[in-house]
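Topology and contacts: notes
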Amino acid sequence: DEIKAKAKTAKKADPYAASVDPATQQMIIKAHNDEVETIFDRALTLKPCNIGEQGTCCKNCSQGPCRLPLPKKGIEGKDTRMGLCGATPETIAARNFIRMVAGGAAAHSDHGRGVAETFLAAARKETDDYTIKDTEKLLEVAKYCNVPTSVMVEGEDGQKVQEDRDIYDIATDVGELALAQWGQQEGEVVPVLQAPEARIQLWRDLDVMPRGIDREIVEIMHRTHMGVDQDYRNLIKQGSRAAIADGWGGSMLATDLQDILFGTPYPVQGEINLGVMKEDHVNVIVHGHEPLLSEMIVVASQDPELLKLAEEKGAKGIVLAGMCCTANEILMRHGLPIAGNYLQQELAIVTGAVDAMVVDVQCIMESVANVAMCYHTKLITTNPRAMIESGETIHIEFDEHSALEDAKKIVRTAIENFPNRRAQPIIPNEKEQMVVGFSQEAVKYHLGGTFRGSYVPLNDNIINGRIRGIAGVVGCNNARTTHDEGHLIVVKELLKNDVIVLTTGCNAMACGKAGLLTPEAAKVYCGAGLAEVCETVGIPPVLHMGSCVDNSRILLAASEVVKAGGLGKDISDLPVAGSAPEWMSEKAISIGHYFVVSGVYTVFGVGLPVTGAPRFQKYLFEELEDIYGGMWDLEVDPYEHARKMIQHIDKKRKALGLDK
Ligand code: CUV
């Protein structure tokens, strides 16, 4: 009641300024009618701090916070701003920046660690609920992990013969090696060695090869402690190590091991938007990130006993739909529907049709607990790392050793809640069809041609100019900018200019809702060259590669394009660019930074907390190019954002001698 009372008097967001998605607009209006406050309303009254926004607020010790905004008149002469300890704006902004890298890398990598632990339990047959599903991928991963897949044994005639090792023995070795990457103290994180040779050499020369995943994250926390590293270049160097350890380490291992446990994605059809929910069904939303949980919920939701229980409670069946990156995981592998992206999480509950929202880790707003209380929805946390104090949240812990049992308990809770709906739900009609599931293996298959099994025809199409270049457009939604608008403008501008788009995360979902993830979109949105390629192969012009940890798939695709030949020696030679038009999470900064140090020009929208430290900003936006061949940029206007990416792609084409 107190929450509703507050909502009554609070400022209300204009639904049409808040989002370009009709389902979202409709539910914002319903929330207002129901007197339920959402993030869109709060964004009107709670404005960001101007100094933090510039990156120049230091609260790393208790003598501050020291706040160093840019002077109104700009800087005349030498910049003499400093914190109590003498820290310059550059030091402060760089420390803050790499702490975001640490946060993001930790989130991705801790997810990866959990996968590695479950993987090892499956390999050692300590759990019945998870098995080794994709043996082909296992053998590939074994190869880069240097785990032997066969052994020499003595044959009957006394001759030595080669014999295949047992799949579970191989998996155990792979799992042990994988898990060891987190605690490794010296040497090089193994999956990094899949980068192009020139890139590996560059990283060795620059001394940024990550030694161990956890070590690099911890070292960021040490260096950014009061009075340690006070040179923005040296700080960024450690940020680079940790970001590489994320993209080419923790995230990559998460993706690879998940593929082995649950299957490597190949193209499947799916549906997206709030309209995937059904009024007469039990609706369960899985929200968060880790497929360890959602995969088991998938199994539980198909359990005959539970389906019978649903029927007994008066429901026609169970709809399981995803939200945020968990949604991408179950969509890519099972074709299960997606209810929406990050900014739609409260609104799913506002429909009044969600019987349970099950969450694990990352991108879960605490406010879903308050919104859930305004309806009948049960909010269920499942991970010991992520509990919610607000509202009436219940915790059903999910343990990999009793995974299916736990998942059934969660689904049963949802079913039992079905009769408790308070009012007639209102579910928007909007839902779109899409074709998704483009792992780098699937991209290779479709764009590379079956026989050669490499990226050669894709490279040929880039060389002949039908495809001008490749863009990775990824990342979140952000309540400081119109929901999905930046995503869609940037992607459409790229397509129009024959740039093929690889997508993950909430960008992928924005594209899905707008119909861009269909083969038919090629004709409507692409330039003639790109349309021709897509129509010939029968693929959408925007290829959905998965969740945020699956950005590692984009890295590997780039690496394989280099190795296929004809387009230079390194990722930084390729006509490619990266973008996160509506980013908000620390993970996005880690992703952005590993794209940059992998040699990719990467543009962010909304804002970057670097503008209060001009020398540091120049270092990120300009000087990094000389070091890594990739650099950061910030562009709030989505048209200009896309134009800058295309300009960079053209610069690379020219350098390769493709366009005279
Ligand atoms: Ni992991 S990190 S809002 S769900 S993409 Fe979506 Fe993607 Fe950002 Fe979160």
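In the block above lies the structure referred to throughout.
The following refers to the structure shown. This is a predicted model, so every value here is computed, not measured.

**Remarks on the pairing of strand β13 (residues 469-473)**
- For β13, a buried count of five out of five residues is recorded, marking the element as mostly surrounded by other parts of the structure.
- In β13, alternate side chains face the same way, and those of G469, A471 and V473 on one face and I470 and G472 on the other are all buried.
- Here β13 pairs with strand β14 (residues 499-504) via five bridges, running parallel. Across the sheet, residue G472 finds its bridge partner in β14, namely L502.
- Sheet topology note: the β13/strand β16 (residues 576-580) ladder contains four bridges and is parallel. Counted as the bridge partner of I470 is V576 from β16.

**Quick look at the coordination of the nickel atom of the ligand**
- Every protein donor of the nickel atom of the ligand is accounted for by H289 (NE2), C325 (SG) and C548 (SG), and the metal-donor separations fall at 2.3 to 2.6 Å.
- Written as a sequence motif, the donor residues of the nickel atom of the ligand are H-x35-C-x222-C. Of this pair, H289 sits in the loop between β6 (282-287) and α12 (291-301) while C548 sits in the loop between β15 (542-546) and α24 (551-564), placing them 259 residues apart in sequence. For the pair formed by H289 and C548, the shared burial category is buried.

**Details of the environment of D34**
- Tracing the sequence through the fold places D34 in the loop between α3 (22-33) and α4 (39-45).
- Overall, the relative accessible area of 22% leaves D34 in the partly exposed class.
- In this structure, the C-alpha to C-alpha distance between D34 and T482, residues 448 residues apart in sequence, is 22 Å.
- Those residues in contact with D34 that sit more than four places away from it in its chain are K4, V350 and Y375.

About the thresholds
Residues numbered from 1 in each chain as written. Predicted model: local features only at pLDDT ≥ 70, side-chain atom pairs only at ≥ 80, totals over all residues. Heavy atoms only, no water. Buried < 20%, exposed > 50% of the residue type's maximum accessible area, 1.4 Å probe, protein only. Helix = DSSP H or I, 4+ residues; strand = E, 2+ residues; numbered from the N terminus. Pairing = 2+ DSSP bridges. Donors = N, O, S within 2.8 Å, 3.2 Å for Na, K, Ca; no water. Contact = heavy atoms within 4.5 Å.

The analysis is restricted to geometry; functional conclusions fall outside its scope.
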